[in-house]
Amino acid sequence: MRETRSDGELLRAIAADGDRRAFEELYRRYAPWLTARLRGRCADAGVVDDVVQETFLAVWRGTARYREEGSPGDAAGWLWRIGSRRLIDTLRGDGARGRMRQALARLRHRDEVSAEERVLAGVEHGDLAGALTRLSPELRAVLQATVIDGLTTREAAVLLGIPPGTVKTRALRARKQLREALA
C-alpha cells in the first residue's frame with residue numbers, strides 16, 4: 001500500500017520534477033474545495049471553473065512558487081490566495097463585466113417574480129415608488145444592483161465601474177433618503 005504524500009511533498013515533486021502524478025493528486029485533493037470556496041464569491045460557474053484551472057496551471061507551470069511554512073493548511077491557503085487573486089483579476093476584466101451583464105439580464109427576465117419585485121409592484125403607485133423616483137440615477141443604480149439584483153458590494157462595483165467604497169457610500173445615502181421620504 002502506498003503512503004499518502006503531504007502537500008509539501010507533492011508541491012516539491014511538481015516543482016522539481018514536473019511529477020504528473022503528484023500534480024493529479026494535489027488537484028484531486030484541492031480542486032473541489034477551491035471550486036466551492038470560489039463559488040461563494042462568484043455565482044458564475046464558468047468563471048469559477050476557469051479560475052480553478054488557471055490556478056492549477058500556475059502551479060504546474062511553476063509561475064506560482066510555494067514556500068512551505070510547516071503547518072497544515074498552508075498549501076490550501078496558498079492555493080486560495082492564488083485563486084482569489086485570479087478571480088478578482090477576472091472580475092475586473094471587460095469579459096467579466098459582459099458576462100455579469102448577461103447574467104443580470106437573464107435574472108431580470110425570469111418567469112418567476114422575486115420577493116423584491118412583488119413588494120415594489122404592490123407599492124408601485126405608493127410612497128415608495130415616488131421616493132425611488134426622487135433618488136438620483138447613481139443612487140438608484142446602486143440600489144438596483146445591491147438590493148434588487150442581490151449583488152455583493154464588489155460585484156456591484158465591477159458592474160457599475162466604481163470603487164467598492166463608493167458603492168457603500170451611495171447605498172447608505174440612498175437608504176437614508178428613502179427612510180426620510182417614507183417617514
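Calculation notes
- Residues numbered from 1 in each chain as written.
- Predicted model: local features only at pLDDT ≥ 70, side-chain atom pairs only at ≥ 80, totals over all residues.
- Heavy atoms only, no water.
- Core = buried A, V, L, I, M, F, W, Y, C linked by side-chain atoms within 4.5 Å.
- Buried < 20%, exposed > 50% of the residue type's maximum accessible area, 1.4 Å probe, protein only.
- Helix = DSSP H or I, 4+ residues; strand = E, 2+ residues; numbered from the N terminus.
- Contact = heavy atoms within 4.5 Å.

K.L.:
When you look at the nonpolar core in this model, what are you seeing that I'm missing?
P.N.:
In a soluble, globular protein the nonpolar side chains are often hidden away together inside. By size, the foremost hydrophobic cluster in this structure holds 27 residues, and its most contacted members are Leu26, Tyr30, Leu38, Val52, Phe56, Val59 and Leu87. Mapped onto this core, the elements with two or more residues apiece are α1 (7-17), α2 (20-39), α3 (45-61) and α4 (74-92). Tallying contributions element by element places α4 first for this core, with eight residues. For Tyr30, the contacting residues outside a window of four places in its chain are Asp7, Phe56, Ala75, Ala76 and Leu79. Of all hydrophobic cores here, the second largest spans nine residues; its members include Leu151, Ala156, Leu159 and Ala171.

K.L.:
Mind showing me how you'd approach the environment of Pro163 here?
P.N.:
Locating Pro163 in the fold gives a position in the loop between α9 (153-160) and α10 (164-182). When the C-alpha atoms of Pro163 and Thr153 are compared, they prove to be 9.2 Å apart, with 10 residues separating the residues in sequence.

K.L.:
Before we go on, may I ask you to explain α1 in this structure?
P.N.:
Every α-helix carries 3.6 residues per turn, so stepping three or four residues along brings you back to the same face. Looking at α1, one finds that the buried residues are Asp7, Gly8, Leu10, Leu11, Ala13 and Ile14. Turning to α1, the residues buried within the fold contact α2, α3 and α4. Note on α1: the residue one or two positions beyond its end, Gly18, has a positive phi of about 65 degrees.

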